[in-house]
Each structure stands twice: as structure tokens, then as C-alpha cells.
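# Coordinates in review
The residues making up each chain are set out below.
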Amino acid sequence: MDKKGGDVTAGIVSKTRRVARSTAFSQSLEQLLISLQINIRTSRLDSFAHGEREHSRKERTAGSLN
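The paragraphs below set out a description of the structure included in this document. Quantities reported herein were computed from a predicted structural model and do not represent experimental measurements.

### Things to note about the overall build of the chain
In terms of regular secondary structure, the chain is built from 1 helix and 0 strands. Counting across all 66 residues of the chain, residues that qualify as buried make up 2%. Accessible area of the chain: about 6100 Å², with a carbon and sulfur share of 60%.

Next comes the structure, spelled out in C-alpha cells:
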């Protein structure tokens, strides 16, 4: 293979590796975002449930005092 052909091949290989790294990076970012969304959603639901439990406990306590 001549010099120019080698350069073209090296360029293709380099670009392919960059694209693969870029794709892997994008996929890992996507997984991170999904994980964060799940954690946020779960924590919001948990804080809502905690508030409801506190409210119920206070009602039970107030009822027992009457």
C-alpha cells in the first residue's frame, strides 16, 4: 500500500475509534441521567410518603388524646 493509502486507512481507523469512544461516552451519560431521574423520582415519592406517614401519626396521636 502506498503512503497516501496508509494515511487514508489510518484516518478511517482513528475516526472509527473516536466515534466508538463518543458513542460509549454518550451511552454512559444517558445511563447516568436515567439513574439520576430514578433517584430523584424515588426520593420525591419517599418524601411524600414520609409526609403522609407523619400526618397519619399526628392524627392518631391527636385522636388518642381526646
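### Structural notes on a positive patch on the surface
Together, K15, R17, R18 and R21 line one region of the surface with positive charge. Following the sequence through the fold, R21 ends up in helix α1 (residues 3-65). R21 sits in the exposed class, given a relative accessible area of 55%.

### Some details on a nonpolar patch on the surface
On the surface, F25, L29, L32, L33, L36 and I40 cluster together to form a nonpolar patch covering roughly 570 Å² of accessible area. Classification of L29 as partly exposed rests on a relative accessible area of 38%.

Cut-off values and rules
Residues numbered from 1 in each chain as written. Predicted model: local features only at pLDDT ≥ 70, side-chain atom pairs only at ≥ 80, totals over all residues. Heavy atoms only, no water. Helix = DSSP H or I, 4+ residues; strand = E, 2+ residues; numbered from the N terminus. Buried < 20%, exposed > 50% of the residue type's maximum accessible area, 1.4 Å probe, protein only. Areas by Shrake-Rupley, 256 points an atom, 1.4 Å probe, with all protein chains shown as cover. Patch = residues over 30% accessible without salt bridge, like charges linked within 9 Å, V, L, I, M, F, W, Y side chains within 5 Å. Salt bridge = Lys/Arg side-chain N within 4 Å of Asp/Glu carboxyl O. Lys, Arg positive; Asp, Glu negative; His and termini not counted. Charge placed at Lys NZ, Arg CZ, Asp CG, Glu CD.

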